[in-house]
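# Structural overview
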Amino acid sequence: MDFQSQLFYLFILAIPVACIAWTVTHEEIFVEIREYCKKNSVERKSLLGRKFFYLFTCEYCFSFYVVILILILTKFQMLYTDWKGYLVAGFSLVWIANIYMSIFFFIRIDIKKKGTEAKIEQKNLEEKG
């Protein structure tokens, strides 16, 4: 695969990585599992147990495991055609996916801020009117 195709695949494959990692670590659908994992990441006696449960609460950490799954499913490699290609592809996918998640986070913050400002303005207009 030529380098341009590899870059294209990198930016496309990072989308499902970001989507899965963000959904599991932030969205309401997994809140019960996430709360259980948060609790266990603090209360477990063993270091390994605490770290295992922490993985499901941190989008950056969790994205590594999603990337491993994506690499197994797609056999995507970058620059090299052996284990080094998987290593380069893996770290590249994590990096791009986390950029996507950061952008998504800032967009959501901005949307929530504008929504809150609109509610405050609406309330002020109702009080005046």
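Preceding block: the structure.
Notes on the structure in this doc start here.

This part covers the pattern of salt bridges. Following the criterion strictly, the structure yields 5 salt bridges and no others. Two residues, Lys39 and Glu43, come together in a salt bridge whose shortest N-O distance is 4.0 Å. Of this pair, Lys39 and Glu43 both sit in helix α2 (residues 31-43), 4 residues apart, which is roughly one turn of that helix. Among the ionic pairs, Lys84 bridges to Asp82, the shortest N-O distance being 3.9 Å.

Attention now goes to the nonpolar core. The biggest cluster of nonpolar side chains holds 21 residues, and the ones touching the most others in it are Leu10, Val17, Val67, Leu71, Phe76 and Leu93. Those elements that place two or more of their residues in this core are α1 (3-26), α4 (59-74) and α5 (83-128). With 8 residues, α1 is the single largest residue contributor to this core. Each residue touching Leu10, except ones within four places of it in the same chain, is listed here: Phe76, Met78, Ser92, Leu93 and Ile96.

What counts and what doesn't
Residues numbered from 1 in each chain as written. Predicted model: local features only at pLDDT ≥ 70, side-chain atom pairs only at ≥ 80, totals over all residues. Heavy atoms only, no water. Salt bridge = Lys/Arg side-chain N within 4 Å of Asp/Glu carboxyl O. Helix = DSSP H or I, 4+ residues; strand = E, 2+ residues; numbered from the N terminus. Core = buried A, V, L, I, M, F, W, Y, C linked by side-chain atoms within 4.5 Å. Buried < 20%, exposed > 50% of the residue type's maximum accessible area, 1.4 Å probe, protein only. Contact = heavy atoms within 4.5 Å.

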